[in-house]
Amino acid sequence: VGCDRCGRWRGLPPTTNRAELPPVWYCEHSADGCYNSCAMPQELPDDVIDEAIFAAQQADAEADAFANGESGKDEIGGNG
């Protein structure tokens with residue numbers, strides 16, 4: 001999640017429900033004591049974070065497609 005004050009990206013625990021995050025998020029909201037201040041450097045470089053976000057979006061899209069019955073496989077032959 002990005003800090004609305006300093007713009008640094010902070011990691012969230014995997015159990016975090018992103019829908020429950022406040023509409024404005026600051027570093028001090030972080031549960032990680034190493035990164036809960038705008039004075040602390042960003043955990044990872046922007047390009048690594050961009051790659052992780054892209055991978056997560058792809059996984060979400062694939063999960064949505066699977067949930068909607070769009071598995072990408074031919075219905076009859078099983079090859080797609």
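Summary of the structure given here.

About the thresholds
- Residues numbered from 1 in each chain as written.
- Predicted model: local features only at pLDDT ≥ 70, side-chain atom pairs only at ≥ 80, totals over all residues.
- Heavy atoms only, no water.
- Salt bridge = Lys/Arg side-chain N within 4 Å of Asp/Glu carboxyl O.
- Helix = DSSP H or I, 4+ residues; strand = E, 2+ residues; numbered from the N terminus.
- Buried < 20%, exposed > 50% of the residue type's maximum accessible area, 1.4 Å probe, protein only.
- Contact = heavy atoms within 4.5 Å.

Quick look at the pattern of salt bridges now. When their charged atoms lie close together, side chains carrying opposite charge are able to pair. Scanning all chains against the criterion turns up 2 salt bridges. A salt bridge links Asp-60 to Arg-18, with the shortest nitrogen-to-oxygen separation between them at 4.0 Å. On the criterion of sequence distance, the pair formed by Asp-60 in helix α1 (residues 46-67) and Arg-18 in the segment before α1 is long-range, its members being 42 residues apart. For Asp-60, a relative accessible area of 40% puts it in the partly exposed group.

Next up on the list: the environment of Pro-41. Note that Pro-41 resides in the segment before α1. A relative accessible area of 48% places Pro-41 in the partly exposed class. Each C-alpha atom of the pair Pro-41 and Arg-8 lies 7.7 Å from the other, and the pair is 33 residues apart in sequence. Setting aside anything within four residues of it in sequence, one finds Pro-41 in contact with Arg-8, Arg-10 and Tyr-35.

All we've got here are geometric facts, nothing functional implied.
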